[in-house]
Amino acid sequence: MSLSIHENSARADDLRQRIERANHQYHVLDSPEISDLEYDRLFRELLDLERDFPELRVPDSPTARVGAPPQSLLAKHQHFTAMLSLGNAFTDDELRDWEGRLLRVAGDDVRALGYTAELKIDGAAIALTYRRGVLERGATRGNGVIGEDVTPNIRTIRDIPLRLLDSNPPEIIEVRGEVYMPFDRFERMNEARARDGQSLFANPRNAAAGALRQLDPSVTASRPLRFYGFAAAAPSGSDLPFASQWDLLDTLERWGIPVESHRNWCADIESASEFVARIEGSGRASLNFGIDGIVLKVNSLALQDELGIVGGREPRWAIARKFAPDIAVTRLLDIRVNVGRTGALNPYAVLEPVEIGGTTVKLATLHNEDLVVTKDLRIGDWVQVKRAGEVIPQIIAPLPERRTGIEQAWRMPRQCPACKTAAERDEEEVAIYCPNVACPGRQLEGIVHFASRGAMDIRGLSYARIEQLISADLVHDVADIFSLTADQLLALERYARKSADNLIAAIASSRKQPLSRLLNGLGIRHVGVGAAQLLAHHFGSLDALASASEEDILRVRGIGEIIAHAVRAYFSNPTTQVLVEKLRDRGVEFAEHGFAATDGALAGLTVVITGTLPTLSREQATELVVAHGGHVTSSVSKSTSFVVAGDNAGSKLEKARNLGATVIDEAELLRRVGRSQTTE
Ligand code: IVH
């Protein structure tokens, strides 16, 4: 049954609203109401609709967040009104001086509505233009007057609404704020880059600013960026629809713009100073993003106008109260190595405990051997340590002038510290890794990753619970998760009937996760979410991928030699083969729903192409098969559904005949997928 264009258009609108609501719940409110599976389903339905009916495509569709073509140059954008910077105060006395200046200009009125205190987010400033509620443009700050148009990049940031949640939004308004990268995501990104031998970002701010200015939006989309709004501007002549800064923040929040939650209304400078002390003392350590101070703003917008701007670039009505520097000097006691989930051996520093910005630091990340060598770190060195917010502190540099001669150079061990297997190093890589897929050092991190939100998404299977299951000897690999019973869980501490039943139910439903999630969860080296999706969509089932040759894998668009090699090596490993069979026995599904295995004329079929076809190149024939739901492998086996043979087909054709496989020609292939040879 086909729907009318009106019905399709209504359905597309409905899907867009649901997807954007889900984005908002997930990214801004942190309380999703629909499962990731349901989200994927809605997203796919919308993608399909827009593919089939291009007239339904709109620029503010959630599907348009990614996929814009690369630009050759970033265009300039002139801001409505200058994006100002802020004056600084380094002490409470300087804050009082600031208030003194306000009182001299605007009198006691300043005190009537008090101040808004906000965290000063350490990221990159941007301005978002919404016209009648629809995101029209995103621009960087630039020199404050002219910035760069980075609209396609901005659209990839999931917590920025493409449409404001207001039935009567202003005709045009610019929402200003900061794009930043959360610490945990920054760390993970840098770890992945270290594993892949790519250069590392110095800090989340640089990473965010760099990601924003990419010419190719798909690069921006692959970087974990977030946004907080805290200011607004209107074209000259029109007023802002807020009475105070507090009202502005409330309104942004109502519109669906993420607003940082620690904001505080302060009646006077004393309570503002208390807020600063609270955040600098302990609040800051629990944040998952960098801040470099507190911004105090006169709350009333009318008073802000009256107070105006000093020197053309700083508002008199706002000030940044900066924190004390967060660098300390301590001793590097030792360098140790842990094993990550993909086997990467990561060195880390053991430090003499030192207090930085309210927390005691004992460990620092070192990422890889080259970093230790480049910085010339020696055990026993005095080192400068920074906790510029990064959850895991970093060593800036050693202090060679304090060396006494007893310091010792360090070398990466040649064996895995957990299982003693000889470590390996890929030629083009900086990373050294343990090749043993059954290495106990990889076990915990590997299972945690498997259960995580981006992979099998098993709700309730937290880090602590996995540790508990491993030490209770119930779980040794990811497949063991699927044979757990509620009674086994009930025998452990911290489980009640309900929590045990809930976890078993979550495990049961995760068996149906799409192949891309399973692949990501297995922790194959170099295979993250993106590669997992490409592989899943191409091969359609785990068995097809597991039996694919390196050549077959290289045929997947977007997959290069490093990944193809890693995937092949993974599936060739006997331990993997045992694991795959265990997963199958325990009911884990191996298919990518809605893709190759179920859709199209060749759904679920395994096809071998051999010889020279009359009109199609090998790549075109492969694409055709994949586009119709089949997958292509290079060698003929019992699971081959049919062989497409051209001229000079050779040994594969012979093997196909021996195995009794169906052999067809190009014309028959075209007929099977409903394409006549002569019309194209
Ligand atoms: S208000 C007119 N509020 O800090 C005042 N700025 O050093 C405009 N920043 O360019 C800025 N968090 O990008 C304000 N809560 C916050 C902020 C904040 C971070 C950035 C902003 C600005 C820079 C000035």
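Report follows, based on the coordinates. (Residues numbered from 1 in each chain as written. Predicted model: local features only at pLDDT ≥ 70, side-chain atom pairs only at ≥ 80, totals over all residues. Heavy atoms only, no water.)

With respect to the overall build of the protein
Now for step 1: The helix and strand tally for the protein stands at 25 helices and 24 strands.
Now for step 2: For the protein, whose C-alpha radius of gyration is 29 Å, the value lies close to the compact-globule estimate of 26 Å for 680 residues.
Now for step 3: C-alpha extents for the protein along the principal axes are approximately 95 × 75 × 55 Å.
Now for step 4: Here the protein, with 680 residues, has 49% of them falling under the buried criterion.
Now for step 5: Of the contacts formed within the protein by residues at least 6 apart in sequence, a portion of 68% connects residues at least 24 apart.
Now for step 6: For the protein, the accessible area works out to roughly 31100 Å², and carbon and sulfur atoms hold 51% of it.
Now for step 7: Of the side-chain charges in the protein, 79 are positive and 93 negative, and the distance between the mean point of each set is 2 Å. (Helix = DSSP H or I, 4+ residues; strand = E, 2+ residues; numbered from the N terminus. Rg over C-alpha atoms; globule rule 2.2 N^0.38 Å. Buried < 20%, exposed > 50% of the residue type's maximum accessible area, 1.4 Å probe, protein only. Contact = heavy atoms within 4.5 Å. Areas by Shrake-Rupley, 256 points an atom, 1.4 Å probe, with all protein chains shown as cover. Lys, Arg positive; Asp, Glu negative; His and termini not counted. Charge placed at Lys NZ, Arg CZ, Asp CG, Glu CD.)

Overview of helix H13 (residues 440-451)
Now for step 1: Relative to the 16 Å expected for 12 residues at 1.5 Å per residue, H13 spans 17 Å between its end C-alpha atoms, a close match to the ideal helical length.
Now for step 2: Looking only at H13, the buried set comprises Arg-442, Leu-444, Gly-446, Ile-447, Val-448, His-449, Phe-450 and Ala-451.
Now for step 3: Contacts from the buried residues of H13 go to strand E14 (327-339), helix H14 (463-471) and helix H17 (515-522). (Expected span 1.5 Å × (residues − 1).)

Comments concerning the site of the ligand
Now for step 1: In the vicinity of the ligand lie 14 residues, with Glu-118, Leu-119, Ile-121, Glu-178 and Lys-297 positioned nearest.
Now for step 2: Between Glu-118 and the ligand, the recorded distance is 2.9 Å, taken from a side-chain N or O atom to a nitrogen atom.
Now for step 3: Between Ile-121 and the ligand, the recorded distance is 3.0 Å, taken from a backbone N or O atom to a nitrogen atom.
Now for step 4: At the level of secondary structure, the elements contributing two or more residues to the shell around the ligand comprise strand E3 (115-121) and strand E10 (291-298).
Now for step 5: At 4 residues, the largest contribution of residues to the shell around the ligand is made by E3.
Now for step 6: The residue inventory of the shell around the ligand, partitioned by class, reads 9 nonpolar, no polar and 5 charged. (Near = heavy atom within 4 Å. Polar contact = N/O pair within 3.5 Å; in protein donor to acceptor, adjacent residues only side chain to side chain. Nonpolar A, V, L, I, M, F, W, Y, C, P; charged D, E, K, R; others polar.)

Overview of unusual backbone geometry
Now for step 1: The phi dihedral of Lys-420 is positive, around 65°, even though this residue is not glycine.
Now for step 2: Relative to the helices and strands, Lys-420 resides in the loop between strand E18 (394-398) and strand E19 (424-425).

A short note on empty space enclosed by the protein
Now for step 1: Counted under the stated rule, the structure contains 4 cavities of 30 Å³ or more.
Now for step 2: Of the voids in this model, the largest cavity is the one considered here, and its volume is about 50 Å³.
Now for step 3: Around the largest cavity, the lining residues are Glu-118, Leu-119, Ile-121, Tyr-228, Gly-229, Phe-230, Leu-249, Val-259, Glu-260 and Arg-263.
Now for step 4: For the lining of the largest cavity, the secondary structure elements donating two or more residues are E3 and strand E8 (226-233).
Now for step 5: The residue makeup of the lining of the largest cavity, split by class, is 6 nonpolar, 1 polar and 3 charged. (1 Å grid on protein atoms, 1.4 Å probe; cavity = no way out; pocket = protein on both sides within 12 Å on 5 of 7 lines; lining within 4 Å. Points joined across faces, edges and corners; volume = space filled by probe spheres on them.)

What about the packing of H13 against H17?
Now for step 1: Where H13 contacts H17, the axes come no closer than 8 Å and their chain directions differ by 165°. Viewed along their axes, H13 and H17 adopt a mutual orientation that is roughly antiparallel. With respect to the hand of their crossing, H13 and H17 are arranged in right-handed fashion. Contact with H13, carried on its side by Gly-446, His-449 and Phe-450, involves Leu-518, Asn-520, Gly-521 and Leu-522 of H17 and no other residues of that element.
Now for step 2: Of the residues that constitute the contact of H13 with H17, the class distribution is 3 nonpolar, 4 polar and no charged. (Axes fitted to C-alpha atoms, helices over the stretch in contact; angles between N-to-C directions. Parallel < 35°, antiparallel > 145°, perpendicular 65-115°, else oblique. Left-handed = near helix turned anticlockwise from the far one by under 90°.)

Here we look at the nonpolar core
Now for step 1: Counting 53 residues, the largest nonpolar core has Leu-519 and Leu-535 as the members making the most contacts within it.
Now for step 2: Sequence-distant contacts of Leu-535, that is, excluding residues within four places in its chain, are made with Leu-519, Val-527, Gly-540, Leu-545, Ile-553, Val-556, Ile-559 and Val-567.
Now for step 3: Grouped together as the second largest cluster of nonpolar side chains are 34 residues, Ile-126, Ile-154, Met-181 and Ala-207 included. (Core = buried A, V, L, I, M, F, W, Y, C linked by side-chain atoms within 4.5 Å.)

Re the pattern of salt bridges
Now for step 1: Per the stated rule, a full pass over the model turns up 45 salt bridges.
Now for step 2: A salt bridge links Arg-321 to Asp-92; the shortest N-O distance between them is 3.0 Å. Of the two residues, Arg-321 sits in strand E13 (residues 318-322) while Asp-92 sits in helix H3 (residues 92-106), which places them 229 residues apart along the sequence.
Now for step 3: Residue class for Arg-321 comes out buried when judged on its relative accessible area of 9%. (Salt bridge = Lys/Arg side-chain N within 4 Å of Asp/Glu carboxyl O.)

Honestly, it's all geometry; don't read function into it.
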